[in-house]
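Notes for the structure review
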Amino acid sequence: MSDEAPVAAEKIEGIVVGVDGSAQSKCALRWAEREAVRRGSVLNIVSAYTIPVFAASSMDAGYSTLDDDLIRGGAEEIVRQAHADLEGSPAQIRTYIESGDPAGVLLDLSQDAELVVVGTRGRGGFVGRLLGSVSSALPAHSKCPTVVVPLCMSKEQEAPADSVNDRKCIVVGVDGSDRARSAVLAAAEAAIASDLTLRLICAVPPVGAALAWMPATVDQEAVLEDVRYQMSVGTKWLRSHYPDLKMETDVVSGPPVEVLIRESEHAVLTVTGSRGRGGFTGMLLGSTSQGVLHHSKGPVMVVPDSEDPRLEDRKNFDTRA
């Protein structure tokens, strides 16, 4: 185990999980460990700490150094315990202690990581900060996919391996945007790797309730029909890149966030883009982001937009274009 903070030039590749010693953090740690084993990736356990402003400003240099040592010692103990909790794991594990704002630390590490994992809430460390005062910083700006694991997953993690699991698919929320398509590609890869069905969901809010500014002549069924067509185009495009993918689609009339939360109850993983155009992703990191991330019944992966060349050929399947 390495207790030294990584130097700036060092790249931390693989899966990064932020820990703070809370139950939520431990739940995220377990999920990240299983994912690291499945992918054959390095698992990087990271804890961050900061010196309270009042302490730094009111103490002389000697006391500030002592305070830094005490706080760092607490972070080191959290990392040691996290490593001990994974004793016997086949994953390759590395540990790091970072000085700095937890959200900022993870954002920096996301530059080279393949995945960043956090819990839903904490006790003032990574998780409490990430979904507290800087709630959208990591999912909205991370350079790699971010997975948020709810505490409710801990019961499933403790269940016997041969127990019946109601989670049978990977769900991805789509809204027709390029950013959502980046999420679809990531979700498809996850579904194939896990030999699971990919369920593509598009939720359309009732026109009268969500789009009051639109003319009364707008027909809700016409809106749904257009969305179904776009879903058809999308599935043909996706099939061209993943011919062996098991896939199902559904267009649902209802508030996107509520639909997404409901779908997450039976999903191994629920995937969204980092931003959208008013559907799942636009709302996820907007005003209702806290509700989605805090009330999801399973892990949520937020995928940043990319410059994947596969996004360009979707238009080849749209006969209306």
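Data block above holds the structure.
Residues numbered from 1 in each chain as written. Predicted model: local features only at pLDDT ≥ 70, side-chain atom pairs only at ≥ 80, totals over all residues. Heavy atoms only, no water.

1. Section: the overall build of the protein chain
Per the secondary structure count, the protein chain includes 13 helices and 10 strands. When the 321 residues of the protein chain are sorted by exposure, 49% land in the buried category. Sequence-distant contacts in the protein chain: of pairs separated by 6 or more residues, those separated by 24 or more amount to 78%. (Helix = DSSP H or I, 4+ residues; strand = E, 2+ residues; numbered from the N terminus. Buried < 20%, exposed > 50% of the residue type's maximum accessible area, 1.4 Å probe, protein only. Contact = heavy atoms within 4.5 Å.)

2. Details of the environment of V259
Positionally, V259 belongs in helix 11 (residues 256-264). By relative accessible area, V259 is classed as buried at 2%. The spatial distance from the C-alpha of V259 to the C-alpha of A203 is 6.7 Å, given a sequence separation of 56 residues.

3. A word on helix 4 (residues 102-109)
Note on helix geometry: an α-helix contains 3.6 residues per turn, so any two residues three or four positions apart are oriented the same way. Listing the buried residues of helix 4 in full gives P102, A103, V105, L106 and L109. Summarising the axial view, the buried residues of helix 4 lie within an arc of 160°, below the 170-degree limit, and thus occupy one face. (Arc of directions from axis to C-beta.)

4. Looking at helix 1 (residues 23-39)
Between its terminal C-alpha atoms helix 1 stretches 25 Å, which fits the 24 Å expected from 17 residues at 1.5 Å a residue. Within helix 1 the residues assigned to the buried category are Q24, S25, C27, A28, L29, W31, A32, E33, E35 and A36. Just downstream of helix 1 lies G40, where phi reads positive at about 70°. (Expected span 1.5 Å × (residues − 1).)

5. Quick word on the environment of L311
Tracing the backbone shows L311 in the segment after strand 10 (300-303). For L311 and L185, which are 126 residues apart along the polypeptide, the C-alpha to C-alpha distance reads 9.1 Å.

6. With respect to the nonpolar core
The biggest cluster of nonpolar side chains holds 54 residues, and the ones touching the most others in it are V117, L198 and L238. At 8 residues, the largest contribution of residues to this core is made by helix 8 (residues 178-194). Excluding residues within four positions of it along the chain, L238 makes contact with V184, L185, A188, L198, L200, L245 and M247. If you look at the next biggest cluster of nonpolar residues, it comprises 14 residues, including A48, A113, V118 and L138. (Core = buried A, V, L, I, M, F, W, Y, C linked by side-chain atoms within 4.5 Å.)

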